[in-house]
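Summary of the model geometry
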Amino acid sequence: MTALAIRSQPRPPLRRAFGWALRLKLNGGGLGWVERVVLCLAALLVLMLIVLPPLLPYDPTALVDQPLLGPSWAHPFGMDDLGRDLLSRVIYGMRMSLTSATLVIASGVVVGGLIGLVAGMAGGLLDAALMRLTDLFLALPGPLLVLAIVAALGPSLEHTLIGVAVVWWPWYARVVRGQVRATVGMAHVETARLVGLGRLRIALRHVLPHAFGPVIVTASLDVGNVILLLASLSFLGLGSPDPASELGAMTARGLTYLLTNWWVAVIPAAAVFLLTFIANFAGDGVRDLMERR
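Residues numbered from 1 in each chain as written. Predicted model: local features only at pLDDT ≥ 70, side-chain atom pairs only at ≥ 80, totals over all residues. Heavy atoms only, no water.

**Thoughts on the pattern of salt bridges**
Quick note on the threshold: Salt bridges are defined as contacts in which a side-chain nitrogen from Lys or Arg sits within 4 Å of a carboxyl oxygen from Asp or Glu. Here the term buried applies to any residue with accessible area under 20% of the maximum for its type, exposed to any over 50%, and partly exposed to those in between, with areas from a 1.4 Å probe on protein chains only. Think of it this way: any DSSP run of H or I at least four residues long counts as a helix, any run of E at least two long counts as a strand, and we number them from the N terminus.
Tallied over the full model, the rule gives seven salt bridges. One salt bridge in this structure joins R84 and D80, with 2.8 Å as the shortest N-O distance. According to the relative accessible area criterion, R84 is buried, its value standing at 2%. Of the charged contacts, one joins R193 and E190 as a salt bridge, the two residues approaching to 3.1 Å between their closest N and O atoms. Separated by three residues within a single helix, R193 and E190 lie in helix α8 (residues 187–194), roughly one turn from each other. Residue R193 is classed as partly exposed on the basis of its relative accessible area, which comes to 36%.

Written out as structure tokens, the structure reads:
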């Protein structure tokens, strides 16, 4: 086998991923230093939320000390109104918020991506019907629809996630459908159709990969928005009931003590801000990286 033939063989996926990560580390993928720092912070935050909670010394629901005790070396974030360690509750709450946002976005990508793919590949009457259904969901006031769904099902985190997922898929349906319609007329798709490949194989192998980039960018930018929406809904009492560690519910509960014991409300609210801030800037970095690649 000649050297040219060896060089032309595709590299394994793991090796390609390692080479891409190494190039990103060496030259930043064309990103500015601020974007690289934020992406590193986002990766560090995700790693911390995965590794740190089992290592915390206190259970987030356990009564461990006097209520409303101020920040100290033993309890850096102080205690809440029931005597629970606020640091443990905030860390678990951040992990819950990030996990919940990921689940909502993943469901939106799957449902919206499937609808957009079917609409873009089918065209005609089916395309029009699916897009009018998408427009109907986009026209509805999202927060009010979520409130109605949670009110009908009952307040809990699972029902809140269902309500948010119901109003989140249309954006991905629009993105995928637009990319599919722009791809079906390309030369490689026409060639695949002429050689007799089935519609399903053409859709999955030759059309759908062109939508991955815009979907990844949209999903990365949506993380902060979903986190903020979930925190707002739990602030209104539509999340898991106490003693669940939800940042919005913790902030709402601590408003009573805002002027006397500020840490009970301010620290969970600051955690929501930190998650949203890093997620939004990381989404901008992912968008710039995808555009350069």
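There's plenty left to go through after this.
**Overview of the confidence of the model for the protein**
Let me state the cut-off plainly: Predictor confidence is given residue by residue as pLDDT, running from a minimum of 0 to a maximum of 100. Contacts are assigned to residue pairs with any non-hydrogen atoms lying within 4.5 Å of each other.
With 88% of its residues at a pLDDT of at least 70, the protein reaches an overall mean of 84. Ranking the elements of the protein by mean pLDDT puts helix α1 (residues 3–8) last with 39 and helix α4 (residues 86–122) first with 93. Here residues 1–11 is a poorly scored stretch, pLDDT under 50, and it has four contacts once near neighbours within four places are set aside; other chains count.

**Observations concerning helix α10 (residues 212–235)**
We count it as follows: Between the first and last residue of a helix there are one fewer steps than residues, each counted as 1.5 Å, and that sum is the expected span.
The end-to-end C-alpha separation of α10 is 34 Å, in line with the 34 Å expected for 24 residues at 1.5 Å each. Just past α10, the residue G237 takes up positive phi, approximately 90 degrees.

**Focus on the side chain of S88**
Within the fold, S88 resides in helix α4. Look at S88 and you get buried, because its relative accessible area is 0%. Those residues within four positions of S88 in sequence are excluded, and the remaining contacts are L56, Y58 and P60.

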